[in-house]
Amino acid sequence: LLNDYIKPGKIIPADVSISGNARGKQLFARPLGNLRIFDDNIWQYDKNEIPDVWQAAGEDPRNSFRGIQFADVVASFMPDVFCFQEYSKAMEAVFLPRIKGYGYSKCVASQQPNFTPVFYNPETVAVEKDGYVLFTPAKWSNSSTKSFTWAVFKLKASGRLFAVVSTHLWYKSDTEEPGSTQARCDQVNVIRAKVAEIEKEYGCPVFVAGDMNCNLSSSPMGFFLNDGYEP
């Protein structure tokens, strides 16, 4: 469409008609051989009712509707790897069959529940090793939603290795819950310990994605920055 119609001075005929869809066709192109990682906190909403504020906006937050939308967003970018946060079993019931139809697989597939999953495209990457860690104590991992999934991949086009971590850190402020910043620091340090193991075994680049619930100037993020991570 961009090439055919969106040009300076181009007049689109009044009777132009376009049909079909581009699902699973990678709408957003990239140079051959580049690595593409996608991340999204999709917001857990497992109720059947549409809240008033969503009705007023003319939108539907239910899994039956949003699960399809999320799958189509992923299909538009066709990333090699993508990460979600606040991903529930109710969302999976809608999302997983659709994303499998686009060729994707899920890391640590046996882990239930997993609110921080990692998915990958077997056509472009192969899993070398993966795992899941639930943050403890339970006080800082409400309903097992605060965790991280990690995986080491091989990019099939080049044979290069890389690792991806999908996480969701504790969400409250120190004003709301004293000790919250320290909880996030502790959780980041658990991730760092796993990354150290990965780097020792594989010596590969590591990408950490997720909902950090703090900004780059915070002490939890300071650990990552001091380790050499780049935003």
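Attention in this report is confined to the structure presented alongside it.

Rules and cut-offs
- Residues numbered from 1 in each chain as written.
- Predicted model: local features only at pLDDT ≥ 70, side-chain atom pairs only at ≥ 80, totals over all residues.
- Heavy atoms only, no water.
- Helix = DSSP H or I, 4+ residues; strand = E, 2+ residues; numbered from the N terminus.
- Contact = heavy atoms within 4.5 Å.
- Areas by Shrake-Rupley, 256 points an atom, 1.4 Å probe, with all protein chains shown as cover.
- Patch = residues over 30% accessible without salt bridge, like charges linked within 9 Å, V, L, I, M, F, W, Y side chains within 5 Å.
- Salt bridge = Lys/Arg side-chain N within 4 Å of Asp/Glu carboxyl O.
- Buried < 20%, exposed > 50% of the residue type's maximum accessible area, 1.4 Å probe, protein only.
- Pairing = 2+ DSSP bridges.
- Axes fitted to C-alpha atoms, helices over the stretch in contact; angles between N-to-C directions.
- Left-handed = near helix turned anticlockwise from the far one by under 90°.
- Nonpolar A, V, L, I, M, F, W, Y, C, P; charged D, E, K, R; others polar.
- Polar contact = N/O pair within 3.5 Å; in protein donor to acceptor, adjacent residues only side chain to side chain.
- Phe/Tyr/Trp six-rings, centres within 6.5 Å; stacked < 30°, edge-to-face > 60°.
- Parallel < 35°, antiparallel > 145°, perpendicular 65-115°, else oblique.

A closer look at the overall build of the protein chain
In terms of regular secondary structure, the protein chain is built from five helices and eight strands. By principal-axis analysis of the C-alpha atoms, the protein chain measures approximately 65 × 50 × 35 Å. For the protein chain, restricting intrachain contacts to residue pairs at least 6 apart in sequence, the fraction spanning at least 24 positions comes to 64%. For the protein chain, the computed accessible surface area is about 12700 Å², with 52% contributed by carbon and sulfur atoms.

Some remarks on a nonpolar patch on the surface
A surface patch of nonpolar side chains, about 360 Å² in accessible area, is lined by Ile6, Ile12, Val16 and Ile18. Assignment of secondary structure puts Ile18 in the segment before strand S1 (37–41).

Description of the environment of Thr136
Mapped onto the secondary structure, Thr136 falls in the loop between strand S5 (125–134) and strand S6 (147–155). For Thr136, a relative accessible area of 66% translates into the label exposed. Measuring from C-alpha to C-alpha, the distance between Thr136 and Gln187 comes to 8.4 Å, with 51 residues separating the pair along the chain.

Let's talk about the sheet that holds strand S7 (residues 161–168)
Ordered in space as S5-S6-S7-S8, the four strands form an open sheet in which the pairing is mixed. This sheet does not close on itself; its edge strands, each paired only once, are S5 and strand S8 (206–211). Strand-to-strand twist across the sheet, computed as the mean angle between neighbouring axes with direction ignored, equals 15°. Relative to S6, helix H4 (residues 180–202) is tilted by about 20°, and along the sheet it contacts S5, S6, S7 and S8.

Focus on the sheet that holds strand S2 (residues 81–85)
Strand pairing in a sheet takes place through backbone hydrogen bonds and is either antiparallel or parallel in direction. As summarised here, the arrangement of the four strands in space is S1-S2-S4-S3, forming an open sheet in which the pairing is mixed. The open sheet is flanked by S1 and strand S3 (105–106), the only strands paired with a single partner. Note: S2 against strand S4 (residues 118–120), three bridges, orientation antiparallel. Residue pairing across strands places Phe82 opposite Phe119, the latter belonging to S4.

Regarding the packing of helix H2 (residues 63–77) against helix H3 (residues 89–101)
Their axes nearest at 8 Å, the elements H2 and H3 cross at an angle of 35°. Judged by the sense of rotation from one axis to the other, the crossing of H2 with H3 is right-handed. Where H2 abuts H3, its residues Asn63, Ser64, Arg66, Gly67, Ile68, Phe70, Ala71, Asp72 and Val74 lie against Ala90, Met91, Val94, Phe95, Arg98 and Ile99. Here the contact of H2 with H3 is built from residues that sort into nine nonpolar, three polar and three charged.

Topic: the side chain of Thr167
By the secondary structure assignment, Thr167 is in strand S7. On the accessibility criterion, Thr167 (0% relative accessible area) is buried. A distance of 2.9 Å separates a polar atom in the side chain of Thr167 from the backbone oxygen of Ser147. Not counting chain neighbours up to four residues away, the residues in contact with Thr167 comprise Gln85, Thr116, Phe135, Ser147, Phe148, Ile191, Val208, Ala209, Gly210, Asp211 and Met212.

Concerning the packing of aromatic side chains
Applying the stated rule across the entire model yields 21 aromatic pairs. Taking the centre distance of 5.2 Å and the plane angle of 20° together, the rings of Trp43 and Tyr45 count as stacked. Taking relative accessible area as the criterion, Trp43 reaches 35% and is therefore assigned partly exposed. On the basis of an interplanar angle of 85° and a centroid distance of 5.2 Å, the ring pair of Trp140 and Trp170 is categorised as edge-to-face. Taken as a pair, Trp140 in the loop between S5 and S6 and Trp170 in the loop between S7 and H4 lie far apart in primary sequence, 30 residues in all. Residue Trp140 is classed as buried on the basis of its relative accessible area of 14%. Owing to a relative accessible area of 4%, Trp170 belongs among the buried residues under this scheme.

What to know about the packing of H4 against helix H5 (residues 219–226)
Following both chains from N to C, one finds H4 and H5 inclined at 25°, their axes separated by 8 Å at the closest point. Between H4 and H5, the angle is such that the two are roughly parallel. Contacts from Thr181, Arg184, Cys185, Val188, Asn189, Ile191 and Arg192 of H4 reach H5 at Ser219, Pro220, Met221, Phe223 and Phe224. Residue composition of the contact of H4 with H5, grouped by class: seven nonpolar, three polar and two charged.

Treat this as a map of the structure, not an account of what it does.
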